[in-house]
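# Report on the structure
Spelled out, the chains give:
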Amino acid sequence: MGDVFNQKSADLARDSKAWPFDEARKLLARLEKLPNRPETVMFETGYGPSGLPHIGTFGEVARTTMVRYAFRVLTGDEWPTRLICFSDDMDGLRKVPDNIPNGHMIAPHLDKPLTSVPDPFQTDTSFGAHNNNRLKAFLDTFGFDYEFFSATECYRSGLFDETLLKILENYDKVMNVILPTLGEERRKTYSPFLPLCPRTGRVLQVPMIARDPKAGTVTYVDPETSEEMTTPVTGGAVKCQWKADWAMRWVALGVDYEMAGKDLIDSVRLSGAIARILGTVPPEGFSYELFLDENAQKISKSKGNGLTIDEWLTYASPESLALYMFQSPRKAKRLYFDVIPKAVDEYLAHLSSYPDQDQDKQLANPVWHIHSGKPPRAELPISFNLLLNLVSASNSEEPQVLWGFIQRYAPGATPEEHPLLDHLVGYAIRYFHDFVRPAKKYRTPNDVERAALSDLDARLARVPEGASGEDIQNVVYEVGKAHDFENLRDWFKALYEVLLGQSQGPRFGNFVELYGVKETRTLIERVLKGEDLSAA
């Protein structure tokens, strides 16, 4: 990682207020208290592949990666680190997700491990494999440094055998942790072990009627045949119930850090208690708030509400998504299409300010964490929001046309020399086409607004060539003050509603500088003539 690992960086990391450094310091404190300090510090994220990967899954990996890098800077590479992305793909499929094709293909396979359910997309060996590959493909595209672990492979390979036998030896203690949290009916059937039925291949939720720790086996009654079945707890013949499984994984893999959603606070507590029974200190971590959809409902893999990874990346860069994940992780946030433009511009603003900041400020800048200490240099003449309004005003979805406006605003700018800006042009066009254009609603100006627009047109005619956005903004302010508006906000709102068909936009003077004084006057002229601006 080059020069980021120096004493000054480590010193600043000890005092930095950025939340990844808070987490790194907590992790370091945990490690220093352990009687046997690990040679490698293990970070983990978990994934339940019962539905398609969503942004919440990505967010957990992104945030954990930020903590991992902060820890490396804090400790100066004293400890090697690893990040495991663990897929619980041996879990039984409980229901057919709403957002997949060919649901009829998997309906007969409910309760089987996800890696034993046919792939409804017909591209992989199983539904679990399909979703795992979708997750890995995205993480690879983003460049995460991780190791993928499949629960199915871990159970079947024997990696978990030693810890599974520990659970069997401490069966009653584990039951005493879990049973008080369950209802009366569930207590009758609960066991930390879920046998895989050799007859049907299904994951069974049945009580154990006998246990033999020396033989490493459990005995249960087949719920369909009433036959007593004895099976080893090793070699993939059983899997663990969720909370016991999480603790077993922490112990078997030596996990030192794992964060989780706020909805899993109780699970973290119970899994931690089981880990202690098994002789291990639970990992460090924190509970992050959940993402909400446009209706303030929790996003869900199976429902497919909210945004998917692919949808965000259709309209904005991965870095803007990473910024959204960095910001206020303990605060519930809406995760819908309308948050994208703001996230893009905030990322660009942080990137622009980074080179001129002192090192302590750089370590608190989100782009430092997004880019693992090496954010790229990028000077962009215009914002994403301004680009969106340029597309809106020009009624053009041709990149060449938009670049014509950009080059007049920033002479010498080219797609080749400004690839980030060229990407933004493409994102703006797609976002405008799918979200802005369908929602555009022009209105006619009232008498006060007509008079103000006519005045603005006359004053713009006197603006000198090459006037800055600030100069033009002053002209717009003067017009608003000269007319009978109760609040200047009403004047700017009128400009956007009448000229662009939307209730808000960027600083209007900057928009006019980019779009052009002549072109803006043409828009005003069309409005004053009563023309329909929604027509191209």
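Please refer to the structure placed before this passage.
This section reports on the structure supplied with the text. Just so it is clear, the model here is predicted, and its values are computed rather than measured. (Residues numbered from 1 in each chain as written. Predicted model: local features only at pLDDT ≥ 70, side-chain atom pairs only at ≥ 80, totals over all residues. Heavy atoms only, no water.)

## A look at the sheet that holds strand 7 (residues 228–232)
Strand order in the open sheet formed by 3 strands is 5-6-7, with antiparallel pairing between adjacent strands. Bordering the open sheet on either side are strand 5 (210–212) and strand 7, each of which pairs with just one other strand. With strand direction ignored, the average angle separating the axes of adjacent strands in the sheet is 20°. Judged from the 5 bridges that link them, strand 6 (residues 217–221) and strand 7 form a sheet pairing that is antiparallel. Considered in strand 7, the bridge of Thr-217 is made with Pro-232. (Pairing = 2+ DSSP bridges. Helix = DSSP H or I, 4+ residues; strand = E, 2+ residues; numbered from the N terminus. Axes fitted to C-alpha atoms, helices over the stretch in contact; angles between N-to-C directions.)

## Topic: the pattern of salt bridges
Overall, the coordinates contain 34 salt bridges when judged by the stated rule. Glu-44 serves as the salt-bridge partner of Arg-249, at 3.9 Å between the closest nitrogen and oxygen. On the criterion of sequence distance, the pair formed by Arg-249 in helix 10 (residues 242–253) and Glu-44 in strand 1 (residues 41–47) is long-range, its members being 205 residues apart. Accessibility assignment for this pair places Arg-249 and Glu-44 in one class, buried. A salt bridge links Glu-470 to Arg-507; its shortest N-O distance comes to 3.2 Å. Here Glu-470, found in helix 21 (residues 469–482), pairs with Arg-507, found in the loop between helix 22 (488–499) and helix 23 (508–515); they are 37 residues apart in sequence, far enough to count as distant. Classification of Glu-470 by relative accessible area gives partly exposed; the value is 42%. You can call Arg-507 partly exposed: its relative accessible area is 37%. Bridged by salt links that share partners, the residues Glu-44, Asp-88, Lys-239, Asp-245 and Arg-249 form one connected network. (Salt bridge = Lys/Arg side-chain N within 4 Å of Asp/Glu carboxyl O. Buried < 20%, exposed > 50% of the residue type's maximum accessible area, 1.4 Å probe, protein only.)

## Notes on helix 22
Here helix 22 is 12 residues long and its end C-alpha atoms lie 17 Å apart, about the 16 Å a rise of 1.5 Å per residue gives. Taken together, the buried positions of helix 22 are Trp-491, Phe-492, Ala-494, Leu-495, Tyr-496, Glu-497, Val-498 and Leu-499. In the core, the buried residues of helix 22 are packed alongside helix 17 (384–394), helix 20 (447–461), helix 21, helix 23 and helix 24 (517–528). The N-cap residue of helix 22 is Asn-487: its side-chain oxygen and the backbone nitrogen of Arg-489 are 2.8 Å apart. Just past helix 22, the residue Gly-501 takes up positive phi, approximately 75°. (Expected span 1.5 Å × (residues − 1). Contact = heavy atoms within 4.5 Å. Polar contact = N/O pair within 3.5 Å; in protein donor to acceptor, adjacent residues only side chain to side chain.)

## Brief notes about the packing of helix 13 (residues 318–326) against helix 14 (residues 340–353)
The interhelical angle for the contact between helix 13 and helix 14, taken along N-to-C directions, is 90°, at an axis separation of 8 Å. The angle between helix 13 and helix 14 falls in the class roughly perpendicular. For the pair helix 13 and helix 14, the contacting residues are Glu-319, Ser-320 and Leu-323 in the first and Ala-343, Val-344, Glu-346, Tyr-347 and His-350 in the second. (Parallel < 35°, antiparallel > 145°, perpendicular 65-115°, else oblique.)

## Quick word on the nonpolar core
Judged by nonpolar contacts, the single largest core of 113 residues is most densely connected at Trp-312, Leu-456, Trp-491 and Phe-508. For this core, the element with the most residues is helix 3 (residues 55–75), which contributes 11 residues. When near neighbours in sequence (up to four residues on either side) are disregarded, Trp-312 contacts Ile-55, Leu-307, Ser-317, Ser-320, Leu-321, Tyr-324, Leu-335, Val-339, Ile-340 and Ala-343. Membership of the second largest hydrophobic core comes to 46 residues, among which are Val-177, Leu-182, Leu-196 and Ala-244. (Core = buried A, V, L, I, M, F, W, Y, C linked by side-chain atoms within 4.5 Å.)

## Focus: the packing of helix 17 against helix 19 (residues 419–439)
Running from amino to carboxyl end, helix 17 crosses helix 19 at an angle of 55°, the nearest separation of the two axes being 9 Å. Classed by the angle they form, the pair helix 17 and helix 19 counts as oblique. For the element pair helix 17 and helix 19, the recorded crossing hand is right-handed. Between helix 17 and helix 19, the contacting residues are Phe-384, Leu-387, Leu-388, Val-391 and Ser-392 on the first element and Leu-421, Leu-424, Val-425, Tyr-427, Ala-428, Ile-429, Tyr-431 and Phe-432 on the second. Residue composition of the contact of helix 17 with helix 19, grouped by class: 12 nonpolar, 1 polar and no charged. (Left-handed = near helix turned anticlockwise from the far one by under 90°. Nonpolar A, V, L, I, M, F, W, Y, C, P; charged D, E, K, R; others polar.)

## Concerning the environment of Phe-43
Counting through the fold element by element, Phe-43 comes out in strand 1. Judged by relative accessible area, Phe-43 falls into the buried class, the value being 0%. Discounting residues that sit within four places of it in the chain, Phe-43 has contacts with Leu-27, Thr-64, Val-67, Arg-68, Phe-71, Thr-81, Arg-82, Leu-83, Ile-84 and Tyr-257.

## A closer look at the environment of Gly-92
Along the polypeptide, Gly-92 turns up in the loop between strand 2 (81–87) and helix 4 (103–106). We classify Gly-92 as buried; its relative accessible area is 4%. When residues no more than four places from it in sequence are discounted, the contact partners of Gly-92 are Asp-111, Lys-112, Pro-113 and Val-203.

## Notes on the pairing of strand 1
Within strand 1, 6 of the 7 residues are buried, which leaves the element mostly enclosed by the surrounding structure. Judged from the 7 bridges that link them, strand 1 and strand 2 form a sheet pairing that is parallel. Directly across from Glu-44, in strand 2, lies its bridge partner Ile-84.

## Examining the packing of aromatic side chains
Counted by the stated rule, this structure contains 29 aromatic pairs. Ring geometry for Phe-58 versus Phe-142: centroids 5.3 Å apart, planes at 70°, classification edge-to-face. Residue Phe-58 is found in helix 3, and its partner Phe-142 is found in helix 5 (residues 127–142); the two are separated by 84 residues along the sequence. The interplanar angle of 25° and the centroid separation of 6.1 Å between the aromatic rings of Phe-291 and Tyr-324 together place this pair among those described as stacked. (Phe/Tyr/Trp six-rings, centres within 6.5 Å; stacked < 30°, edge-to-face > 60°.)

## Brief notes about the environment of Leu-488
On the secondary structure map, Leu-488 appears in helix 22. With relative accessibility at 25%, the residue Leu-488 sits in the partly exposed group. Sequence separation between Leu-488 and Tyr-477 is 11 residues, and the spatial gap between their C-alpha atoms is 7.8 Å. Once residues lying within four places of it in the same chain are set aside, the contact partners of Leu-488 are Tyr-477, Gly-480 and Lys-481.

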